[in-house]
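One-letter residues, chain by chain:
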Amino acid sequence: MAEAVMRRRRRGEENGYMSPTSDGEDSPREWRRRNPLAPFFKRPRRPSLPEGARAIPEGARNFVRAKLTGDPRVRVRDYVKMPRTIQTIDKVSFTLGVVGLMLTQFVATEHPEYFWFYYLCGAPLVFIYRIIMYRMIKYHYFLIDFCYYANLACFLHMLGAPTSGRLFRSVFAYGNGPILWAIPLWRNSLVFHSHDKVQSVFIHTAPAILTWCTRWYGQGDLTWSWWGLGDATGWLFAAREGDHGQAVAPGLMYADVAAVHRAPNRLTVEQLTMSYDVVDVVREFYVYPVVGYLIWQVIYLVITELFYVKRLDNDPELVTSLRWLANDYKAPVTRWALRTSRRVGLFAQDELFDHNSLKTKFVFVSLQLVYTMVTFLPIPMCYASKAVHTTVMLLVFLSCIWNGAEYYIDIFSRRYAKKFDDGTFMGSVRDDDNADAAVAEAVLAAGSGDLARRSGGAQKSMR
């Protein structure tokens, strides 16, 4: 009997309709061949994407190609890889980056009381796009960094507790503390043609602008009465409130302006005014924000060191902030942390960081905690004085613009034409980072050490 089974198995393997099993039992393919009930257990095959694509009529496919590429014989997937198309995409990105900056400035200066609504509508688009892109290049663990947590706190305040002054002050500390000062520290650059860099700048500056507008102008309710529809919430139909409460300057689609009320359900400047008693200052600007930060740190470690630790260990291409910093010895922070760790005896003189070791994790977790608490120190002065708050923000924004200028002159001018010559123009954000690092190393090898030092962080700024 066993010999007959083996003969059937060898015959089935030769004919290609069954695969061998280790225990001598019939494989599923052999069972389906011999059993009369097998057709009732078959799973319907779903057509693959190429089969579905082939179902598109030839005329319709050529029409789409002609409209998008100008030639019905050129596939869309090939067209977007052409150097001319890549350059056009960069031009569009540059234009959108400048327009976005102008729009943000317009809302922040002309309608600061409504900046919260602008942020509420625009920020989700940035985050959704970044989630999709970072998932594709295995950067998605950057999305649990503290800057995203701080933006989430902004949404929590606006949607969950819009009248909570205590929560706002914690958001104020996050937006004007570690998130804002990360721009000069990690050398975030205002590079308009790079959607990734523009998004990074937005993520790090939007909470500061939001809290600046709220602290000094309050958050206004958006109300209108349009052709008998009654009061509702919306910006296009809103009217601004004058100094004495009268409705002035109607919105873009204004008709029959109703009375505009100054934030009965949102924070006003008067509500944000507080006593600057030492106990209140310490509690509002240090204790509560630090507790919120520690909650994030625990969540971060649980995700990276418990839930997904095996996935991170098995896939070296997955990038986290810790893995990035521990391996980037061109970053001043990494070099300083290594020197300090060796000086205090935590690391041997010839020992380097290992992102899998407990010592390395302890160093960077402690370093970020110290950095966060240090950036909290000037927060009470920023909250108490509009001049101080504005000055700090302008200085940080100038550093961001300067970093962008250095990137364009020192790095981008050398690399942009070269990537079309050597055929590397279809790289992802990860490839662009590596290419920027290669240019910086080439400059260093040529003897321009200071230039490479200044530009080394520009291409690998934290996300």
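Look a little higher up for the structure.
Residues numbered from 1 in each chain as written. Predicted model: local features only at pLDDT ≥ 70, side-chain atom pairs only at ≥ 80, totals over all residues. Heavy atoms only, no water.

1. Structural notes on the overall build of the protein
What the protein contains, in helices and strands, is 21 helices and 4 strands. Split into buried and exposed, the 463 residues of the protein put 42% on the buried side. Counting only contacts in the protein whose residues sit at least 6 apart along the sequence, the fraction spanning at least 24 positions is 67%. Split by element, the accessible area of the protein, about 25600 Å² in all, is 64% carbon and sulfur. (Helix = DSSP H or I, 4+ residues; strand = E, 2+ residues; numbered from the N terminus. Buried < 20%, exposed > 50% of the residue type's maximum accessible area, 1.4 Å probe, protein only. Contact = heavy atoms within 4.5 Å. Areas by Shrake-Rupley, 256 points an atom, 1.4 Å probe, with all protein chains shown as cover.)

2. Some details on helix H8 (residues 146-160)
With 15 residues, H8 extends 20 Å from end C-alpha to end C-alpha; this agrees with the ideal 21 Å at 1.5 Å per step. Buried within H8 are the following residues: Phe146, Cys147, Tyr148, Ala150, Asn151, Ala153, Cys154, Phe155, His157 and Met158. (Expected span 1.5 Å × (residues − 1).)

3. What to know about the pattern of salt bridges
If you walk through the whole model with that rule in mind, you get 11 salt bridges. In this structure, Lys138 engages Asp315 in a salt bridge whose closest nitrogen and oxygen atoms are separated by 2.9 Å. Within this pair, whereas Lys138 is found in the loop between helix H7 (115-136) and H8, its partner Asp315 is found in the loop between helix H14 (309-314) and helix H15 (321-327), the two being separated by 177 residues in sequence. By relative accessible area, Lys138 is classed as partly exposed at 26%. Between Asp280 and Arg283 there is a salt bridge, with its nearest N and O atoms 2.7 Å apart. (Salt bridge = Lys/Arg side-chain N within 4 Å of Asp/Glu carboxyl O.)

4. A few points about the packing of aromatic side chains
On inspection of all chains with the given rule, the structure shows 28 aromatic pairs. With a centroid separation of 5.5 Å and an interplanar angle of 70°, the aromatic rings of Phe94 and Phe192 are classed as edge-to-face. You can see Phe94 sitting in helix H6 (residues 83-110) and its partner Phe192 sitting in the loop between helix H10 (178-186) and helix H11 (195-217), a full 98 residues away along the chain. An aromatic cluster of three or more residues is present, and its members are Phe146, Tyr149, Tyr174, Tyr293, Trp296, Tyr300 and Phe376. In this structure, Lys359 is placed above the aromatic ring of Phe347, and the distance from its NZ or CZ to the ring centre is 4.7 Å. (Phe/Tyr/Trp six-rings, centres within 6.5 Å; stacked < 30°, edge-to-face > 60°. Lys NZ or Arg CZ within 6 Å of the ring centre and 35° of its normal.)

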